[in-house]
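Per-entry structural report
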Amino acid sequence: MAKAAAVFACNSCGSSFPKWLGRCPDCGGWNTLESAGGARASPGGKRLSADVMAHPARPLSEVSGAPEGDTGPGGRLRTGIGEFDRVLGGGLTPASAVLLGGDPGVGKSTLMLQAALGWAGQGERVLYAACEESASQVRRRADRLLASAAESKDNADSASALDIPPQAPPDDLLVCPETRLGVLLEQARQARPAVVVVDSIQMIDASEASTTSGAVAQLRTATLGLIRGGKELGFALMLIGHVTKSGGLAGPKLIEHMVDAVLRFDGDRYHAHRVLRAVKNRFGATHEIGLFEMTGGGLREAADGAGLLADEYQPRPGSVAAPVMQGTRCLMVEVQALTASGFLGSAKRKVSGLDSSRLAMLIAVLERHGGLRLADQDVFASSVGGVRAVEPACDLALALAIAGAFLGRSLPERTAAVGEIGLGGEVRPGPQTERRAAEARRLGFERILGPPVRRGASGAGWTGVSTIGQAMEMLT
Ligand code: TYD
Ligand code: MG
């Protein structure tokens, strides 16, 4: 018998190589290659034929196109939390696997418990594996969430919120503080849930199913085991994952590849706003975002109340309000910039929530066509509130924020800016200018700086500026 070739697999991206390497050529991770043994090459003829019997190859024309575990037309599992369902593309797809990542304390457990209450409230059975908390902690949190939901409902109906006992969690919400993979899967086999929530995947102990030790191999085994269980038993899987220090989702990229959708929950540490977005979604668009606000009674949808209000916004040097498109929605966002003396030739340029290549381009345009000397200036720029403003239509706002920061001047009150900037310093219209102008006006902005438009097409308060130099004249 031929000696089985050794195989080394990267525990971050899953690529395999015939020899060990210090750095994975595919994902660039250091020291991520582990021996996967030669066993994979020949698991034995008997096993193989049994496996083939279980999943025989068959003509695609005979395969049903309905999602596995589909329950009805559309077939999505909706929580009733509109902002959450929308990001998933209209609810959770049955038997799919979704990973939710975010910084500790951002509210992942809260969001998942609210979603679980939503699914269970509609009669879908949910198994909530609370690996990081005790069952009674989960119960207390659920009671608090339900009480606050009942209260806000009552307030809306202007009825008395008092002496109404908090509604008990629905019977279809099962909680188990289980961390062992095998036991969890057996629980699912008995309970037959439509959704299994795992909080968090890093806490799942797959040692009995894993032949290799090490946290990453375990994580991979646990994820794979749960996904397989989901396909077999027909439950949809919601995995909560922690974000690593470098900001990567749930550490190894590998589990991002294994799931159908990857969601990220972000927020500003100092603000109550939370933004949910899909980084990857096999069942929907990835540009939709969900907006929430963290309150004493859990997360509240912030669909209409979101965005910067002109009343609350105080113009300052280095700050400009801009209408930004996020999927089908337009949001007013504050773009900030700061300039500080640096060293010629090694000036720093840093962005957060903005596009770094556009920042570099705008600095060059401001030098050439705005008459600013920024070559020895460190420039820092960010979008406030966790919303990414990376479209070219944010150019004008970002350029004015940088110029304002450098000159110590600001735009007049209740003024917003929108438009792309070309390399010649010209201000050009971006997509959906009218939508943006309408949103800015709705939130109380009375003047909108933007590209010149024909016959005042963009309505009241539109101030056309054709070059960056002309726009900078508005800074006082
Ligand atoms: P949590 O969902 O536990 O975050 P994660 O699972 O992402 O680590 O929530 C963390 C924070 O949210 C915590 O600091 C308290 C706050 N919070 C509220 O403000 N209101 C609430 O109703 C709840 C449940 C939590
Ligand atoms: Mg948590």
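How each quantity is defined
For every chain, the first residue of the written sequence is number 1, and numbering continues from 1 along that sequence. Chains and ligands are labelled sequentially in the order written, the chains with letters from A and the ligands with numbers from 1. Thresholds applied to this predicted model are a pLDDT of at least 70 for local features of residues and 80 or more for the giving and counting of side-chain atom pairs; totals over whole chains, interfaces and linings are not thresholded and use all residues. As a convention, hydrogens and water are excluded, and side-chain values are obtained from all of the structure's heavy atoms. The helix and strand labels rest on DSSP assignments: H or I over at least four residues marks a helix, E over at least two residues marks a strand, and numbering proceeds from the N terminus. Only protein chains enter the calculation, and the probe is 1.4 Å; a residue is then buried if its accessible area is under 20% of its type maximum, exposed if over 50%, and partly exposed in between. Contacts are residue-level and defined by heavy atoms, with any inter-residue pair within 4.5 Å sufficient. All accessibility values rest on the Shrake-Rupley procedure with a 1.4 Å probe; residue burial counts only the protein chains present in the view. A pair of strands is treated as paired once DSSP finds two or more bridges between them. Angles here are taken between N-to-C directions and fall from 0 to 180 degrees, while the axes themselves are lines fitted to C-alpha atoms, restricted in helices to the stretch in contact. For this classification, under 35 degrees means roughly parallel, over 145 means roughly antiparallel, 65 to 115 means roughly perpendicular, and everything else is oblique. Crossing handedness: left-handed means the near helix sits turned counterclockwise from the far one by under a right angle, and right-handed means the same turn made clockwise. Each residue gets one label: Ala, Val, Leu, Ile, Met, Phe, Trp, Tyr, Cys and Pro are nonpolar, Asp, Glu, Lys and Arg are charged, and the others, such as Gly, are polar. We call a residue near a molecule or strand when any one of its heavy atoms sits within 4 Å of it. Any pair of N or O atoms that falls within 3.5 Å is considered a polar contact. Within protein, one atom must be able to donate a hydrogen and the other to accept it, and sequence-neighbouring residues count only if both atoms are side-chain atoms.

**Some thoughts on the overall build of the chain**
When helices and strands are tallied, the chain shows 11 helices and 21 strands. In the chain, which comprises 476 residues, the share counted as buried stands at 47%. When contacts within the chain are restricted to residue pairs at least 6 apart in sequence, long-range pairs at least 24 apart make up 68% of them. Only carbon and sulfur atoms are counted for the fraction: they give 52% of the accessible area of the chain, which is about 22900 Å².

**Structural notes on the sheet that holds strand E2 (residues 16–17)**
Read from one edge of the open sheet, three strands run E2-E1-E3, paired in antiparallel fashion. For this open sheet the edge positions go to E2 and strand E3 (33–35), each flanked by a neighbour on one side alone. Both strand E1 (residues 8–10) and E3 contribute to a ladder of three bridges, which runs antiparallel. Following the sheet pairing, Ala 9 is matched in E3 by Glu 34.

**Thoughts on the pairing of strand E5 (residues 126–130)**
Here E5 lies mainly inside the structure; five of its five residues are buried. Of the pairings in the sheet, the one linking E5 to strand E6 (residues 173–176) comprises four bridges and is parallel in character. Bridged to Leu 127 within E6 is Leu 174. The pairing of E5 with strand E7 (residues 195–199) spans five bridges and is classified as parallel. Across the sheet, residue Ala 130 finds its bridge partner in E7, namely Asp 199.

**Remarks on the packing of helix H5 (residues 181–191) against helix H6 (residues 215–233)**
Where H5 contacts H6, the axes come no closer than 10 Å and their chain directions differ by 15°. With respect to H6, the element H5 is oriented roughly parallel. Between H5 and H6 lies a crossing whose hand is right-handed. Where H5 approaches H6, its residues Leu 181, Leu 184, Leu 185, Ala 188 and Arg 189 are matched on the opposing element by Thr 221, Ala 222, Gly 225, Leu 226, Gly 229, Glu 232 and Leu 233. Residue composition of the contact of H5 with H6, by class: seven nonpolar, three polar and two charged.

**Examining the site of ligand 1**
Around ligand 1 sit 15 residues in total, of which Gly 105, Ser 109, Thr 110, Thr 295 and Gly 298 are the nearest. Within the backbone of Lys 108, one N or O atom sits 2.7 Å away from an oxygen atom of ligand 1. Contacts to ligand 1 include Gly 296, whose backbone N or O atom sits 3.1 Å from an oxygen atom. If ligand 1 stood free it would expose 550 Å²; the protein chains cover 70% of that surface. Contributing elements (two or more residues each) for the shell around ligand 1: helix H3 (108–121), helix H4 (135–156) and strand E11 (289–295). A total of three residues in the shell around ligand 1 trace back to one element, the largest contributor, which is H3.

**A few points about the environment of Cys 131**
Note that Cys 131 resides in the loop between E5 and H4. The exposure class assigned to Cys 131 is buried, which follows from its relative accessible area of 11%. Expressed as a C-alpha distance, the spacing of Cys 131 and Asp 199, which sit 68 residues apart in the sequence, is 5.7 Å. With residues up to four places along the chain from it excluded, the contact list for Cys 131 reads Glu 178, Thr 179, Val 198, Asp 199, Ser 200, Met 203 and Ile 204.

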